[in-house]
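# A closer look at the structure
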Amino acid sequence: MAESRAGFKSQLEKRPVVSSFLFTGNLGSQRVALFKRSDKVRTYQHCLAPISGSIETGELPIVAAWREIKEETGLTCQDIELWRQGTPYSLGDPSIGREWIIYPFAFRLRNTHEGGRGEAAIKIDWEHDGWEWFNPKDVVDDESFGGVPRLAESLRRVYFEMWLNDSASRALHSGLVQLKNDHSSGSHELTTIGIKVFRDTIIYLENDKNWWDTVRIVAWHIWKNGRESMGSATLNALLSILGDLDQIKDRDLQGQWSSILSLVDRHLESRHKTATHIIKAFDSYLQSAYFTNLPPEKVHKLTVLTLSASSTIRNCILKIFQSSPISQLDLRILESRPLFEGASMAASLLFESQSALKDSETKRFHISVYTDAAAALAAQDVDFVLLGADRISGSGSVSNKAGSLPAVLCAKHVSPRAKILVLSSQEKVAEPADDSEHQIEENNPAEVTNSWSLSELKGWDVLQEHSTGQTPSCSVTVRNPYFEWVPSELIDVFITEDGPMKPSAIYGKAVEVQRKTHRYFGFLWSMSI
């Protein structure tokens, strides 16, 4: 009989679809919108459901989710932001001969204070008879509730707090909010925060009979639903922790939960060593590949271009300048709009260098802050372009702060002898994938438009009117992506904790990440949550 059912399931028409939930409110007052399907749709008429629709051939699930939301509610990136994603799962319905591969997402409604239009922006189309807000805990997979099949499971995949005890739920929720809203920390600092969120959550899971599954699900959500665009380091750090937990998971841990927490604490403490190793590797690279090839009269000066606020780059610059034969450092930093992290980094370097060099009579450190648009001028006659990394693809391409690619291209044109160096730990390496498959993080357009308003930009009121959809025949969209890709062929060397690496050597590390990811998170695709 089991073989018969399996054979019948294999005959079902497979169709990938997205399932997008819309949320509002904060923890404790969180509400989710469910839409009542009309009698004009083909399946599950009059049932409560999220916004759903088919994924077109060659289309990424997240692209399909945005498209379906726009078609069915009229909401745009001005009104909502991607909040969560869940693991895909399959749902078969033999009565209609179909099996869906469901990709769950959650979006958060922006209120008017955030530049959105709030609830008033929701305009349902013919596919729905109406909609209303629900407490997520009231959503159940029961026929009396009136939802589509496995509605609650789909919801739990993006709102996992529902599955935890109250203390663990609060810890995970507040931790994800902290990671999502942190736009000042680099990926190394965010990873440290992510590990702390993991610890703060699992501390309450001692009595969980399925703790091994639960801690892996918690880890998955911290990776995917904190800041995934900067989450490769977090993924690798959590995979390392899970690898150690795997070694003790079969022991009797009754009364020994502190040993698990101590294990996590050891990983937190070890993170300080990585930065030191990168500094040493950078120093070694300069000594062997740069200073030895220069005539003596040119060893004393170094000109460097960078951008954004990488703690790794900041620490390397300070340490190398103090210990190397360089007596003059000309550091050029792009301001990095819209949050001006580059200017913040310049201030931090200035403050720290004044203290470190106060007794030096020979060292001269000059910092120039350039507008992002002046990247070509800033790149004139530089020796190095130093980039951090928020993600490193299996091909060796680097996702970093928007403005990185123009800086590199400008340097290649106006200073063709300049070396493009990426200073990064290997934990930034992601699974093998096409660079285009990595999600582009879209951030609040108000971060850009607020400066226009404050500067009384002429015509700002016209831009604002058209961006809010008041004149549908003509509109404008303000984009605020934080990251972009620098192709591997434009990068000369990666400086890592294990020394210099060529981009071509990255792939092996990416395959290892893929193997561990499948080992510890692969079960999520098939399990019922």
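The structure presented is a predicted model; accordingly, all values stated were derived computationally and were not measured.

### What about the packing of aromatic side chains?
- Using the criterion set out here, one finds 17 aromatic pairs in the structure.
- Of note, R84 hangs over the ring of W83, and the distance from its end group to the ring centre comes to 4.1 Å.

### Section: the UniProt feature "domain: Nudix hydrolase" (unreviewed entry) in the protein chain
- The UniProt record annotates "domain: Nudix hydrolase" (unreviewed entry) at residues 13-164.
- In this annotation, residues 13-164 is assigned 14% helix and 36% strand; the end-to-end C-alpha distance for the span is 35 Å.

### Things to note about helix α9 (residues 311-323)
- Helix length check: α9 (13 residues) gives 18 Å between terminal C-alpha atoms against 18 Å at 1.5 Å per residue, within 8%.
- The complete set of buried residues in α9 reads S311, T312, I313, C316, I317, L318, I320 and F321.
- Where α9 begins, one side-chain oxygen reaches toward the backbone nitrogen of T312, 3.3 Å away; that side chain belongs to S310.

### Regarding the pattern of salt bridges
- Enumeration over the complete set of coordinates arrives at 26 salt bridges.
- One salt bridge in this structure joins E68 and R67, with 2.9 Å as the shortest N-O distance.
- With a shortest N-O distance of 2.7 Å, E161 and R84 are connected by a salt bridge. A residue pair is termed long-range when its members are at least 10 positions apart, and E161 in the loop between α3 (151-158) and α4 (166-181) and R84 in strand β5 (residues 80-85) qualify at 77 residues.
- With a relative accessible area of 3%, E161 lands in the buried category.
- On the accessibility criterion, R84 (2% relative accessible area) is buried.

### Overview of the confidence of the model for the protein chain
- When the pLDDT values of the protein chain are averaged, the result is 88; 92% of them are 70 or greater.
- Here helix α1 (residues 2-10) is the element of the protein chain with the lowest mean pLDDT, 47, and helix α11 (residues 375-378) is the one with the highest, 98.
- Across residues 1-8, where pLDDT falls below 50, the model places 1 contact with residues more than four positions away in sequence or in other chains.

### A look at the sheet that holds strand β12 (residues 384-387)
- Strand order in the open sheet formed by 7 strands is β11-β10-β9-β12-β15-β17-β18, with mixed pairing between adjacent strands. Looking along the sheet, the strands with just one partner apiece sit at the ends: β11 (364-370) and β18 (499-501). Across the sheet, the mean angle separating the axes of adjacent strands is 25 degrees when strand polarity is ignored.
- Packing of α9 onto the sheet brings it into contact with β9 (301-307), β10 (328-334), β11, β12 and β15 (419-423), and relative to β10 it is tilted by some 165 degrees.

### Comments concerning the packing of helix α6 (residues 211-225) against helix α15 (residues 506-521)
- Viewed as axis vectors pointing N to C, α6 and α15 meet at an angle of 130 degrees, and their least axial separation amounts to 10 Å. By the angle between their axes, α6 is oblique relative to α15. Residues W212, R216, A219, W220 and W223 of α6 form the contact with α15, whose participating residues are T517, R519, Y520 and F521.
- Taken together, the residues that form the contact of α6 with α15 break down as 6 nonpolar, 1 polar and 2 charged.

### So, the environment of D498
- Mapping D498 onto the fold places it in the loop between β17 (493-496) and β18.
- Using a relative accessible area of 61% as the deciding quantity, one classes D498 as exposed.
- A C-alpha to C-alpha distance of 15 Å links D498 and C316, two positions 182 residues apart in sequence.
- Within the structure, the side chain of D498 is placed 2.8 Å from the side chain of Q426, a separation counted as a polar contact.

Here is what the cut-offs are and how they apply
- Residues numbered from 1 in each chain as written.
- Predicted model: local features only at pLDDT ≥ 70, side-chain atom pairs only at ≥ 80, totals over all residues.
- Heavy atoms only, no water.
- Phe/Tyr/Trp six-rings, centres within 6.5 Å; stacked < 30°, edge-to-face > 60°.
- Lys NZ or Arg CZ within 6 Å of the ring centre and 35° of its normal.
- UniProt positions renumbered as here; feature names shortened; annotations may be inferred.
- Helix = DSSP H or I, 4+ residues; strand = E, 2+ residues; numbered from the N terminus.
- Expected span 1.5 Å × (residues − 1).
- Buried < 20%, exposed > 50% of the residue type's maximum accessible area, 1.4 Å probe, protein only.
- Polar contact = N/O pair within 3.5 Å; in protein donor to acceptor, adjacent residues only side chain to side chain.
- Salt bridge = Lys/Arg side-chain N within 4 Å of Asp/Glu carboxyl O.
- pLDDT = per-residue confidence, 0-100.
- Contact = heavy atoms within 4.5 Å.
- Pairing = 2+ DSSP bridges.
- Axes fitted to C-alpha atoms, helices over the stretch in contact; angles between N-to-C directions.
- Parallel < 35°, antiparallel > 145°, perpendicular 65-115°, else oblique.
- Nonpolar A, V, L, I, M, F, W, Y, C, P; charged D, E, K, R; others polar.

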